[in-house]
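Chain by chain, the residues:
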Amino acid sequence: GLELFFSDMQGLFLKFNGVKDRDLFHSKLRSNCKVPLLRSFKSLNPRTVFKKSMLTDLWINRRISNFQYIMALNLMAGRTFNDICQYPVFPWILNDYQSETLDLNDPSIYRDLSKPVGALNPDRLAMLIERYNDLDGFPEEQKFLYGSHYSSPGVVLHYMLRQEPFTSMHIALQSGRFDCPDRLFFDLAGCWRSCLTSTSDVKELIPEFFTCPEIFTNTNNFPLGETQDNKQISNVRLPPWAKGSPHEFIRIHRLALESEYVSRHLHHWIDLIFGYKQRGPASSAAHNVFHYYSYEGSVDLDKITDEIERKAIEGHIQNFGQTPSQLITKLPHPERSAKEKQSVATFESLRTGDLKVHTPAKQFGGPKSPCGAIISLHAIGDSVFVLHS
């Protein structure tokens, strides 16, 4: 596949029959398309794109937020909102879903970002390791610690079932009906407990947990049923510190994501998902080993001649989770700089040679512009404000 991003914030996801067709299209696009704001690296290799992006330096020096950086890593690693099989991955960051209030300066409220979800509970991990050691008959490189994955279509639809088009996709996945009420996403604290205790539940979060309060509200009044203990399911039960408000939950959760604790420990999680602990001996040492088919390049479907075998493997890859493209293969991801040491962006520090922008004659003032010449530019948050004469 290939995804195009446009200056009006629209995106277009294109699916090709194979890598050769995709690369040919990309080559033709680069050589023939003269769209003014086009910026594309010559290579489609995720590690090359990541290395040339220079985004890590921006994050280290606190010029972009944790949310922006995680989102950028997802995009460079092939994750997209247009494919629930490769949806963006975000971390669980908190472990307190019972308190009335949260002190974001208290390290004890945060999840250990140096461990995958499956390794957070030592008792469960011991059971998984025992099962791993009993996988006789598997080649060593195909043995796995977790049979499920932290990101899959089921995970996305589990979280997003209250909002279309995910509702219809969830129903289609469940053969024309909603899943059993007790298995639906209806209690955030219960969801976290499941991720800590179940041997088949190691899911992470999605970006909407930091941006979209609507995912917690049954605005369409879907008949989600009632649990075995006779509790009617509608809106998601939020932790007490959210005061019953999805908007308040998003506000606090986003603040927690940008907290000093997460800023100083996020690089450990990046190592697990996108970095050197994703594969090889480092992944084994970190108890971060998933099914062989979930890793990019583990099997070449074009070389499988048996149609039944090919479809079986394709079905496994599509339904049971895919690990993002590995962006860093050898070294640990660098740590973010201390807050008091963050640098201040100046015009002198910008590499103006890398800036590519289309500037029509009337866009920025001048003799023919009705708005007059520009007096000053002001960057506030994610916006740029222009003061004309």
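Residues numbered from 1 in each chain as written. Predicted model: local features only at pLDDT ≥ 70, side-chain atom pairs only at ≥ 80, totals over all residues. Heavy atoms only, no water.

Enquirer: Tell me about the environment of Gly118, and name the residues and values.
Expert: Tracing the backbone through its elements, the reader meets Gly118 in the loop between α4 (66–76) and α5 (122–133). By relative accessible area, Gly118 is classed as buried at 2%. Taking the C-alpha atoms as reference points, Gly118 and Thr199, separated by 81 residues in sequence, lie 7.8 Å from one another. (Helix = DSSP H or I, 4+ residues; strand = E, 2+ residues; numbered from the N terminus. Buried < 20%, exposed > 50% of the residue type's maximum accessible area, 1.4 Å probe, protein only.)

Enquirer: Quick rundown of empty space enclosed by the protein? Include the residues and the values.
Expert: Space left empty within the atom packing is revealed by a probe, the size of a water molecule, rolled over the atoms. Evaluated as defined, the whole model comprises 2 cavities of 30 Å³ or more. Roughly 50 Å³ of internal volume is contained in the largest cavity. Taken together, Pro116, Val117, Gly118, Tyr150, Val202, Glu204, Ile273, Asn288 and Phe290 form the lining of the largest cavity. Counted by class, the lining of the largest cavity contains 6 nonpolar, 2 polar and 1 charged residues. Within this model, the second largest cavity holds a volume of roughly 40 Å³. (1 Å grid on protein atoms, 1.4 Å probe; cavity = no way out; pocket = protein on both sides within 12 Å on 5 of 7 lines; lining within 4 Å. Points joined across faces, edges and corners; volume = space filled by probe spheres on them. Nonpolar A, V, L, I, M, F, W, Y, C, P; charged D, E, K, R; others polar.)

Enquirer: Explain the state of the cysteines to me, and be specific about the residues and the numbers.
Expert: Counted under the stated rule, the structure contains 0 disulfides. Cysteine Cys191 is unpaired, with the sulfur of Cys195 as its nearest cysteine sulfur at 4.7 Å. You can call Cys191 buried: its relative accessible area is 6%. Residue Cys195 is classed as buried on the basis of its relative accessible area, which comes to 0%. (Disulfide = S-S within 2.5 Å.)

Enquirer: Give a detailed account of the pattern of salt bridges, specifying residues and quantitative values.
Expert: For the structure on display, the rule yields 10 salt bridges. With a closest N to O distance of 2.8 Å, Glu248 and Arg251 form a salt bridge. Note that Glu248 and Arg251 are positioned in helix α9 (residues 246–257) at a spacing of 3 residues, about one turn of the helix. With a shortest N-O distance of 2.7 Å, Glu335 and Arg264 are connected by a salt bridge. Note that Glu335 is positioned in the loop between α12 (307–319) and β3 (374–380) and Arg264 in helix α10 (residues 260–273), a separation of 71 residues in sequence. Owing to a relative accessible area of 27%, Arg264 belongs among the partly exposed residues under this scheme. Through salt bridges with shared partners, a single network forms among Asp187, Arg193 and Arg237. (Salt bridge = Lys/Arg side-chain N within 4 Å of Asp/Glu carboxyl O.)

Enquirer: Just give me the short version of the environment of Ser198, but keep the residues and values in it.
Expert: Mapped onto the elements of the fold, Ser198 is located in the loop between α8 (188–197) and α9. Given a relative accessible area of 22%, Ser198 falls into the partly exposed group. Measuring from C-alpha to C-alpha, the distance between Ser198 and Asn121 comes to 9.8 Å, with 77 residues separating the pair along the chain. Within the local environment of Ser198, its side chain forms a polar contact with the backbone nitrogen of Ser200, the two atoms lying 3.2 Å apart. (Polar contact = N/O pair within 3.5 Å; in protein donor to acceptor, adjacent residues only side chain to side chain.)

Enquirer: Outline the side chain of Asn218, supporting the account with residue identities and numerical values.
Expert: As for its position among the elements, Asn218 is in the loop between α8 and α9. Among all residues touching Asn218, those that are not within four sequence positions of it are Arg162, Leu224, Ser234 and Asn235. (Contact = heavy atoms within 4.5 Å.)

Enquirer: Can you tell me about the layout of surface pockets, naming the residues and giving the values?
Expert: The volume enclosed by the second largest pocket comes to roughly 760 Å³. Around the second largest pocket sit 28 residues that line it, and Gly154, Val155, His158, Arg183 and Lys203 are the ones nearest its centre. Elements supplying a minimum of two residues to the lining of the second largest pocket: α6 (153–160), α7 (166–173) and α8. Counting residues per element, the lining of the second largest pocket draws most heavily on α6, at 5 residues. In terms of residue class, the lining of the second largest pocket is built from 10 nonpolar, 12 polar and 6 charged.

Enquirer: How would you sum up unusual backbone geometry? Please name residues and give values.
Expert: In this model, Glu164 is joined to Pro165 through a cis peptide bond whose omega is 5°. Tracing the backbone through its elements, the reader meets Pro165 in the loop between α6 and α7. Within the chain, Arg62 stands out as a residue other than glycine whose phi angle is a positive 65°. By the element assignment, Arg62 lies in the loop between α3 (55–60) and α4. Exposure remark for Arg62: the relative accessible area of 16% places this residue in the buried category. Of note, the phi angle at Asn221 is positive, near 55°, even though the residue is not glycine. Position of Asn221 among the secondary structure elements: in the loop between α8 and α9.

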